[in-house]
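Given next are the chains, with one letter for each unit.
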Number of protein chains: 4
Amino acid sequence: MTTYNYPKFGAGLWHFANYVDRYAVDGYGPALSTLEQIKAAKEVGDLSYVDVPYPFSPGVTLSQVKEALADAGLKAIGITPEIYLRKWSRGAFTNPDPVARAEALKLMNEAADVVRELGASYVKVWPGQDGWDYPFQVDHKQLWKLAVDGMRELASANPDVKFAIEYKPREPRVKMTWDSAARTLLGIEDIGLDNVGILLDFGHALFGGESPADSAQLIIDRGRLFGMDVNDNLRGWDDDLVVGTVHMTEIFEFFYVLKINNWDGVWQLDQFPFREDNVEAARLSIRFLKHIYRALDKLDIPALQEAQSRQDAMQAQRIIQNALLSSIEE
Amino acid sequence: MTTYNYPKFGAGLWHFANYVDRYAVDGYGPALSTLEQIKAAKEVGDLSYVDVPYPFSPGVTLSQVKEALADAGLKAIGITPEIYLRKWSRGAFTNPDPVARAEALKLMNEAADVVRELGASYVKVWPGQDGWDYPFQVDHKQLWKLAVDGMRELASANPDVKFAIEYKPREPRVKMTWDSAARTLLGIEDIGLDNVGILLDFGHALFGGESPADSAQLIIDRGRLFGMDVNDNLRGWDDDLVVGTVHMTEIFEFFYVLKINNWDGVWQLDQFPFREDNVEAARLSIRFLKHIYRALDKLDIPALQEAQSRQDAMQAQRIIQNALLSSIEE
Amino acid sequence: MTTYNYPKFGAGLWHFANYVDRYAVDGYGPALSTLEQIKAAKEVGDLSYVDVPYPFSPGVTLSQVKEALADAGLKAIGITPEIYLRKWSRGAFTNPDPVARAEALKLMNEAADVVRELGASYVKVWPGQDGWDYPFQVDHKQLWKLAVDGMRELASANPDVKFAIEYKPREPRVKMTWDSAARTLLGIEDIGLDNVGILLDFGHALFGGESPADSAQLIIDRGRLFGMDVNDNLRGWDDDLVVGTVHMTEIFEFFYVLKINNWDGVWQLDQFPFREDNVEAARLSIRFLKHIYRALDKLDIPALQEAQSRQDAMQAQRIIQNALLSSIEE
Amino acid sequence: MTTYNYPKFGAGLWHFANYVDRYAVDGYGPALSTLEQIKAAKEVGDLSYVDVPYPFSPGVTLSQVKEALADAGLKAIGITPEIYLRKWSRGAFTNPDPVARAEALKLMNEAADVVRELGASYVKVWPGQDGWDYPFQVDHKQLWKLAVDGMRELASANPDVKFAIEYKPREPRVKMTWDSAARTLLGIEDIGLDNVGILLDFGHALFGGESPADSAQLIIDRGRLFGMDVNDNLRGWDDDLVVGTVHMTEIFEFFYVLKINNWDGVWQLDQFPFREDNVEAARLSIRFLKHIYRALDKLDIPALQEAQSRQDAMQAQRIIQNALLSSIEE
C-alpha cells in the first residue's frame, strides 16, 4: 500500500460558523465566537491552516486567537478583513463616501498588522460590496478607478505584506467590480505592485463561466496565484457546497494544473455548510481531496499530454477517468 | 389630459424593512418593527395594500397592527407566515423531523387566523426552505409527497381561507420543491382543493426561465391566480430589484396578459431595496407601473392580436413599442 | 470477478451523422446517409438499439433500413420525425399556418407507420420549432392550445402507437412550448390519452434547472416514462456532450432513481460529437455507463435510504462516493 | 420639431442571409449570394455600412462586390474572414494541426487585402472555433499561447490594417478562447501591437455576464474600441435578436457611455432573424436606435452624473426613464 505525502489542508474559519441570510434572519444556528470556531476546526483532524476573519468576534483578543490556534495545531494562512459589513454595504474601495473608504482602508491596514503578528501569508481582500446593482447607477470609469487606486494605496502602504484579491462575479452586489480572473489581472497590472495577487476560488471561477483550470494557468503564468479555495456549486450561484459533490472532473483538472505547474500551496476549503454538521462537511471534503491527490498520482500524465497536444478530448477523458474512477478499469 | 383609473397598488411589508445576508451579518440598517414598517409604507402615498409577515416583530400585537394599518390607510392583502426561519431551515412541510413539520403547520394555521381577523385575501405560503442542496440528499418521491400532503392538510383544515403558493426556483435552498408554475399546478391538482392557488412573482418566473406572461396565462386558465408580485432581476437570481429597471418589455407583456384576461387584483411590489431608500424605491416603482397602465391604454390591442395570430414578432414589437415608448412615434 | 448483466444500450442514429450549425455552414464533415450511419453504429460493438430519424436520407427505402439494421444487429427503439426542418421553422403543431400544421401531422403519421413496420417502441415527438422568440410574439393561450390539441389529434389517430414527447427548455426556438417535465405532464393530463408519454433527456433536464433524478421520479409516478436519453452539458445549453464527462454524480443519481423504480428500458445516448470520432465517443460513453451500472451494484442502498430519510447530505455523499469512486476507500 | 443628426448605421451582411442550424439542416430559406444580400441591405433604406464575410459566395468576384456596394450606396466597414468553416472546426489560430493554422492565416491575410481594396476600416477576427469542448481536452497554457501568437503574427504582417477581435463566451465551441472584454484586453497587451483592438458586441457582453456599458468604458480607456455591434438576447445565449426587444435600459446605458466618451463610430447590427423578414427586422432595429439617439439628446446628463457621483440608483433611474420613456412625465 502506497503512503501518500498529502498537501496541507486549510479552511476559511467561517466554515465553522453559523450563518444568516435574508430569510433565516435568526440564523441557521447560534452565533459562535472566533475561539469556538477554532475549536471546531481542530476537531476535523486534518486541517493545518485557517483563514481568519477580522475583526474577531466581540471581546476576543489577538493573544487569545494566537493561543487558540496554537492549542489547535493550526496556523493562519490569511486574514480576511470584513469589508462587507453594514458600514461598507455601499462599497469599501468604491464607496461614494470618502469617509467609508478611509474606514475600509483602516480596517485593512489593521488586518495587515494581524498578518504580521500571526505570521500569516496574506491579507485576503474580498470587496464583495464593491460594484453596482442597477443599470446607470455608476460611472464605470470612476468606479474602476476607485477600485484600482484603493488597492494600490493599500498595497503600497504595506510593501512587506501580500494582498490576495478574491474575485467573484456577484453577491452580495448584483455585480462585483473584481469579477473575473482576467479583469483582476488587468487591474493588477494597472496597480503595478508585486505584492498584489489573486486568491482563486474554484467555485467563483465556475460561477463566472470560467474553466477554473484555465484561470489557474493564466494567473500562474503571470506569477499572481497567492492562494486558492475550493468548494462546489451548480454554476449559477456561489453555493459554497462541499467540494466534489458536483464537479468531480473539473476539480480534478484544476488540481492537475496546479500540479504540473508545481504550485505547492495549501488546499483550502471555502464552504458554507448552512444546514450540515460543519466538522463532518470538512471531513467529507478532505476525504475527497485526498482521493484527488491519489488520482493525480495514478494519472498517466505523459499520455494525457500527448492526447492534449492533439486536443483529443475522447482520449484525454479515457485517461483521466482511469485515474479518477479507478474501478472503471475492472 | 386623460384621467386614469389606476389599479390598487400593494407591497410586501418587508419592502420597508432592513435586511441581513450572509456577509453583512450586522444588517443593512437597524431592525425595524412591524409598526415602523407600516409607517414607512404609508409615506409612499400610493399604496393601498400590504402583505404582512407573521409573526409580527417582538412585542407587537394584532390589535396594534390593525390600528397601524387603519392609521396608514392600508389593508392587508395577505399574511406570510415565516416558515423559513431557523426552526425550519431544513424545511417546513418537507422537514425530515415531524415535530418541525407540526410546528410549521401550527404557524400557518395561526396565519390563517390572522387572515380572518384582518379580512385579508389569503395566506401566502412560501416554503423557501423546502427542497434540497445536494445530489442524493433526498428521496424525491417522499419529498414531493410531504410537500403535497402538507399543503392539503393545511388547506383542508381551513376551507374558508385561500392559500397562495409562491413558487421560486431556488434560494435559500439550492433547489426549491415548488419551483415553477407548471410544477405547482401539478401539485395543486394532486391536492384537489379549490382554496389552493398561486401567488405569481414576476421575478421568480423570469429567474426560472419562464415567460411571466405565459405563466400568468397558464395559471389563469386553471383558475389559480390568487395574487401576484412584481420586481426585476437579471434572470440569474431573485434579485428583487425595482420593477422596470431591467425588463420593461416583459413586464409590459405580463400586465397585458392580466388585462386581456380581466384579472383585476392588486399590483403588488416584492422588492428588497438593500441599499436604497425604501420609500423612494416604492415611489419609483409605482411611477413606472402607472406608465405601464397608461401604455396599456394606448396599446392597439386589435392590431397586436392580429400580428400575434400570424406570430409576427416584428409587427408585434412595432405595435407595443408605439405604446411603451410613445416618443418613438415622433 | 463479477459478471454483470448490463442493460441494453442504444443511441440516436444522429450520433453517427455529421452536423452543421449556423457558422460551419459547410458542415463538420460530409453528409452521411441513413445506411452509413447504421454501419457506424454497428462498429461501436455494444449498441442494441437506435432511434431513427424519418424521413431517411434521400433515396433510402424502408426495406433498406430494415436490412441494414438486421445486418448490424440493431433494432429501432424509436422513430423521430424531423418536424423541425425548413417547412416547420415557424412551428409544427403551433405553426400559425394550418397547412404547415397538417403537413407536420402527416409526417408524424408516417412515422407511426414506420414504428409499426419496424416494431419500434414509440414515435419520438420533439417539436423543437414550437414556441416563440420574442416577447409579445404569440398569444400564449392559443399557442398552448395548438400544442396540446395537435398532440391529442396525433395520438388519438394512432391508439396502437406510443408517442414520447421530448421536452427541452429551448433551441432552436428561443423558448420551446414543451419546456419542462412538469409542463409536459400538465399537457399530457389535458390530452387525456394513455399513449402519450415522455422521453426524458438527462441533459435537457439539467439545462432546465431540474434535477434529472427528481424529474425521472415525477414522470415515473405518473406512469409516463416511455424512454430516456443521456449526454452531458454545462447546464447553460444543450451541449450534447459525451455522458459522464461533467456530471458524474448527477448521472449516477439519475440511474439510481431508475433502478429503485425498476425501470428497465434502454440506456440511450443522445450526443452530438461535432468534432470527435463518433464511434469512439459512443464507446467512451458506454464504458462510463457500465461503470455506473457496476457502481449501482456496489451501492449500499439501505444505508443510502436511511441517510435520505434524515436528508443527511453528508452521509449520503459518503455512501455514494464509496460506490462511484471505489478507490476512495483505500 | 427637432431635426436629428443621426449616426451612421451599419449591419453585418449576414443579417440578410438565410441560416442553417443543427436541426433545420435544409436551412431557414434558400441560400443567398453575397450580391443578393447586398441588394436586401439596400432595401432597408437607412444603412450606410456593411460588414462583409469573406470568401464571398461561390463565383462572386471582388469587382462585383464593389459594384454592388456602390449601387446600393453602401460601404464596407469590415471584412469578416470565415475562419469557422469545416476546415477550422477544431480551431483557426488554436487548431492542433499547423496546416490548418497556416490556412487560417492565409485566409485572414486575404481578408486584409480585401480591406485595402474596399477601403474598409478593419478585418474582424472572430475565432469562434478556437477553444475547447471538454474538461482536460487542452493544455490551457499552450492554447492561449497559440491564440496570442497567431494574432500577433497576423497583425504584425499587416501593420497598415486594423484587426478587431470579437470576443464571445462560447458557441460554436463550448468555450471560446477570446471570451470576454478583460481577457481580450489582456491578450492584446501580450500581443503588444497598436493595430489590434476589439469589436464589442452588445449581446456577447450581456451573455458573458458583463455590463456592456462597463465593457465599453474599459475598452475605450485602453484605446481599443475599433467597432461595435448591437442586438439582443435573454442573457443565456447569443440569440442575436433584434435590438431593443428585451434590454431597453441596458442598450441605452451602452450608447450613453459611447456618447460621453465621444465615440463616434458606426451603430452596427449583428442580428440573425432566422424566421423574420430580414429587411423589416433591420428597419425595426433602426427605428429603435433612432429613438435611443433622441433619448440621449433629451437625457439630463449633468443630473445623471450628479446622481452617479452618489451612486444613487433610484435617482439615476428616474432621470433615465424620463428620457427613455418620455410619456412617463405626463
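Predicted model, so just to flag it, every value in this text is computed and none were measured.

(A) Structural detail: the overall build of chain A. Scanning chain A for helices and strands turns up 11 helices and 10 strands. Taken against the 2.2 N^0.38 rule, which gives 20 Å for 330 residues, the C-alpha radius of gyration of chain A at 20 Å falls within 12% of a compact globule. Relative to its full complement of 330 residues, chain A shows a buried share of 70%. In chain A, 77% of the contacts between residues at least 6 apart in sequence involve partners at least 24 apart. For chain A, the computed accessible surface area is about 10300 Å², with 49% contributed by carbon and sulfur atoms. Once the 34 positive and 48 negative side-chain charges of chain A are each reduced to a mean point, those two points are 2 Å apart.

(B) Here's a closer look at the interface of chain D and chain C. Across the contact, 42 residues belong to chain D and 42 residues belong to chain C. Both sides together, the interface formed by chain D and chain C hides about 3900 Å², and carbon and sulfur atoms give 55% of it. Summed over the shared surface of chain D and chain C, the number is 10 salt bridges. Asp240 of chain C is the salt-bridge partner of Arg22 of chain D, the closest N and O atoms lying 2.8 Å from each other. Inspection of the chain D/chain C interface yields 30 residue pairs in polar contact (both at pLDDT 80 or more). Of the residues assigned to the side of chain D that touches chain C, the class counts are 20 nonpolar, 7 polar and 15 charged.

(C) Up close: the environment of Gln129 of chain A. For Gln129 of chain A, the location among the structural elements is in the loop between strand E4 (122-125) and strand E5 (131-132). Of the residues examined, Gln129 of chain A reaches a relative accessible area of 0% and is grouped as buried. Residues Gln129 of chain A and Leu105 of chain A, spaced 24 residues apart in sequence, show a C-alpha to C-alpha distance of 14 Å. Apart from the residues within four sequence positions on either side, Gln129 of chain A is in contact with Ile83, Tyr84, Trp88, Ser89, Arg90, Gly91, Pro172 and Arg173 of chain A together with Ala24, Tyr28 and Arg275 of chain B. Among the polar contacts listed, one links the side chain of Gln129 of chain A to the backbone oxygen of Tyr84 of chain A, at a separation of 3.1 Å. Looking at Gln129 of chain A, its side chain comes within polar contact range of the side chain of Arg275 of chain B, at 2.6 Å.

About the thresholds
Residues numbered from 1 in each chain as written. Chains lettered and ligands numbered in written order. Predicted model: local features only at pLDDT ≥ 70, side-chain atom pairs only at ≥ 80, totals over all residues. Heavy atoms only, no water. Helix = DSSP H or I, 4+ residues; strand = E, 2+ residues; numbered from the N terminus. Rg over C-alpha atoms; globule rule 2.2 N^0.38 Å. Buried < 20%, exposed > 50% of the residue type's maximum accessible area, 1.4 Å probe, protein only. Contact = heavy atoms within 4.5 Å. Areas by Shrake-Rupley, 256 points an atom, 1.4 Å probe, with all protein chains shown as cover. Lys, Arg positive; Asp, Glu negative; His and termini not counted. Charge placed at Lys NZ, Arg CZ, Asp CG, Glu CD. Buried area = accessible area lost by both parts, 1.4 Å probe. Salt bridge = Lys/Arg side-chain N within 4 Å of Asp/Glu carboxyl O. Polar contact = N/O pair within 3.5 Å; in protein donor to acceptor, adjacent residues only side chain to side chain. Nonpolar A, V, L, I, M, F, W, Y, C, P; charged D, E, K, R; others polar.

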